[in-house]
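# Working through the structure, step by step
The residues making up each chain are set out below.
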Amino acid sequence: MPRTSPSVAMDALLSGNRRFVSGTPEHPNQDAARRTELAPGQEPFAVILGCSDSRLAAEIIFDQGLGDLFVVRTAGHVIGPEVLGSVEYATSVLGARLVVVLGHDSCGAVAAARAAVEDGFAAGGFVRDVVERVTPSILAARTAGLTADNDIIDEHIGHTVDHLLDRSRLLAEQVKAGEVAIAGLGYALAEGNARVVTTRGDVQQEALAP
């Protein structure tokens, strides 16, 4: 699905997720012919900036295959220069039209940051860096009076979406021009469904329908 629109890309992801949830995945683009076809180059239709959690494998939960998704994963989907460069490469060079921030319930990075804020828990090593990058989301949630785990997760997903636009002038310009959209999705580990938390840019409403 190369060079598609953000809305068509979103529809493809959510349709694939519905197949995954219902137990009727198609497992597209996963054969030898597809492997050969992609050898000269790639044109993924979406970028997935997701948490590194082992239960959050994007190609599986969205029922996609080789060459469909450009996947960047960090604990708590935190953003650094390498992440920003990877996302910008996917949209500006490879032609991806949709950027998805994929968070999930029971996120360890969010739980650790919440413990740091509420209980003074201090993580060691470079885990502390991850926790510190999630902490602004926890503080924003507290300011908004949010206490439920899922509400705090949603706050962090939205914060990451805004952070992408704040940090990357290229992404901000692409979204403003209607070339790219950014969406925050929340994934439920037990049920397997991905729901739309927030969007930035031109994503038609029919693409967001359950």
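Structure: see above.
## Some points on the overall build of the protein chain
Scanning the protein chain for helices and strands turns up nine helices and five strands. Overall, the protein chain shows an N-to-C arrangement of helices and strands of α-α-β-α-β-α-β-α-α-α-α-β-β-α. In terms of C-alpha radius of gyration, the protein chain reaches 17 Å, essentially the compact-globule figure of 17 Å for 210 residues. Overall size of the protein chain, expressed as C-alpha extent along the three principal axes, is 55 × 40 × 35 Å.

## Things to note about unusual backbone geometry
A positive phi angle, close to 50 degrees, is found at D63, a residue other than glycine. Topologically, D63 is positioned in the loop between α3 (58-61) and β2 (69-74). On the basis of relative accessible area, D63 is assigned to the buried category, the value being 2%. Positive phi outside glycine occurs at S106, with the angle close to 55 degrees. Residue position: S106 is located in the loop between β3 (98-104) and α5 (108-119). Overall, the relative accessible area of 57% leaves S106 in the exposed class.

Parameters and conventions
Residues numbered from 1 in each chain as written. Predicted model: local features only at pLDDT ≥ 70, side-chain atom pairs only at ≥ 80, totals over all residues. Heavy atoms only, no water. Helix = DSSP H or I, 4+ residues; strand = E, 2+ residues; numbered from the N terminus. Rg over C-alpha atoms; globule rule 2.2 N^0.38 Å. Buried < 20%, exposed > 50% of the residue type's maximum accessible area, 1.4 Å probe, protein only.

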